[in-house]
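# Coordinate inspection notes
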Amino acid sequence: MKGHEYRRAGRSALLSISVAVVMGLAFTVIAITSAWAHGEKAQMPFLRMRSVQWYDIVWSKAEVKVGETVEITGKFHLSEFWPDSIGYPKESFLNIGQPGAVFVRKEVFLNGTFVPRAFTLEPGKTYEFKIVLLARRPGDWHVHPVMNIRNGGPLSGPGEYIKVTGDYADFTNTVTTLDGKTFDLETFGLTGIYSWHFLWMAIAAVWVAYWFRRGGFISRCLRVAGSPDVQSADKMISPLDEKIALGFLGGTLLIVMVAFTRTEAALPRALPLQSGLITIAPGDPAMNAPENVLVKYERAIYDVPGRRLVVNLQITNNSNEPVQIGELNTASVRFLNPKVMKDAVKYPDYLLAPEGLSVSDEKPIAPGETRKLSIIAQDALWDTQRLADIYYGTDSSMAGLLVFLGQNGTRHVIEIGGPAVPNYTNIGLLKL
Ligand SMILES: [Cu+2]
């Protein structure tokens, strides 16, 4: 290799490093912004409207002390309109979305089954969940239930602030093992973790320094590249180098073997990390019973200038009481019909449109009656929650939960869904 070739190789190496650094910075910035918004808004509307339909979410307390528990309970309906572009929820995991390790997820239940690991969910079914959290760090934290789905990503539910008071120094997280020993997981094994990390870092530093002091890495790499054949390149490594390298290898293996044997002797009863899918018990049969209010989705438009979704439906009331439409819940945004939902609804403000839903014919639907009507979900939340982007979807479709309220207080939660065609001119209501 000639002088200018060395320079060119050096320049391209420098360029690669700069590109890597810039990309690293860019990813860090993206990670920070999405953590700020907890990522929901960054997800495409089809992902949020047609995957996990969270509802009846309750945060048991608005304020807790360090070391106290708080529960998030609720239900979710797994959409029948599950998009093809994301993984089928064969391997799913229920977690929470929080800004760092501010709460410890102590227990999780799905239909009453303890689910510390992954499980399979079935689209079209409704599930009940409970997450028990232990407050760890003082502060005001936004906490969401989150369903992680393999090849589907984290699907976030609504978030609410929980204030944690007290002192982090008081926090303990004790568990009792099967053989009756009690540990504080907050500090258990910490000395070991630090010692092992520092040991390996020290060994690595010596290893790097040993090779680096021979003229750096790039110049040696270029010398190898410039060598006429393999034998002359190999001459750069002396017999002493080889012995030292073997010493490093042998020493490392010896450390691992000795430490492993000692740990085995100290903790003879160790269970492997538990994996595999958990079978969830069937939930309350009422949750998945066939509804006696039938809804046929006819067509929908998303009116872009009006920020509203208009859906034409045909509703048959086979129940024994008159029913009215109270709410449309999609992507955790609740569009309420103020004529039906008269009491104040306790729900995170940033996802609530208290007067967001109107119905073309508000008269209660009588038992036995079939009626065609339009629902109109209109609110600035279509924009602020970036759901208006629905018309950028490759299969421009919506899905959501329609909530009917019976005159005697019965509630019917029914998923509706289908194509939603964008409209760019203000044409008013669709013709029925
Ligand atoms: Cu949040």
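Placed above this text is the structure.
These remarks concern the structure in this document.

Conventions and cut-offs
- Residues numbered from 1 in each chain as written.
- Predicted model: local features only at pLDDT ≥ 70, side-chain atom pairs only at ≥ 80, totals over all residues.
- Buried ≥ 20, exposed ≤ 12 C-beta atoms within 10 Å, placed from the backbone.
- Helix = DSSP H or I, 4+ residues; strand = E, 2+ residues; numbered from the N terminus.
- Pairing = 2+ DSSP bridges.
- Axes fitted to C-alpha atoms, helices over the stretch in contact; angles between N-to-C directions.
- Contact = placed C-beta atoms within 7 Å.
- Core = buried A, V, L, I, M, F, W, Y, C linked by C-beta atoms within 7 Å.
- Domains from an automatic or database assignment.

### Description of the pairing of strand β20 (residues 397–406)
Most of β20 is tucked away: eight of the ten residues are buried. Bridge count between strand β15 (residues 323–330) and β20: six bridges; the pairing is antiparallel. Along β20, the bridge assignment pairs N329 with L401. Two elements, β20 and strand β21 (residues 411–419), share nine bridges in a ladder whose sense is antiparallel. Bridging from a neighbouring strand, S397 pairs with P419 of β21. Between β20 and β21, which pair antiparallel in sequence order, lie four residues; one of them, G409, sits at a positive phi of approximately 95°.

### A word on the sheet that holds strand β22 (residues 421–423)
With mixed pairing, five strands are arranged side by side in an open sheet as β18-β19-β14-β13-β22. At either margin of the open sheet sits one strand with a lone partner, and together these are β18 (357–359) and β22. Adjacent strand axes in the sheet meet at a mean angle of 25°, parallel and antiparallel pairs treated alike. Direction of pairing for strand β13 (residues 293–303) relative to strand β14 (residues 308–317): antiparallel, over a ladder of ten bridges. Note on β14: the bridge partner recorded for Y302 is L309.

### Some words on the environment of W82
Assignment of secondary structure puts W82 in the loop between β3 (69–78) and β4 (92–97). Those residues within four positions of W82 in sequence are excluded, and the remaining contacts are R50, S51 and P123.

### Details of the nonpolar core
Membership of the largest hydrophobic core comes to 69 residues, with the highest contact counts inside it found for L309 and I375. Counting residues per element, this core draws most heavily on β20, at seven residues. Two domains share this core, each providing at least three of its residues, namely domain 2 (45–178) and domain 4 (290–423).

Nothing here speaks to function; it is geometry throughout.
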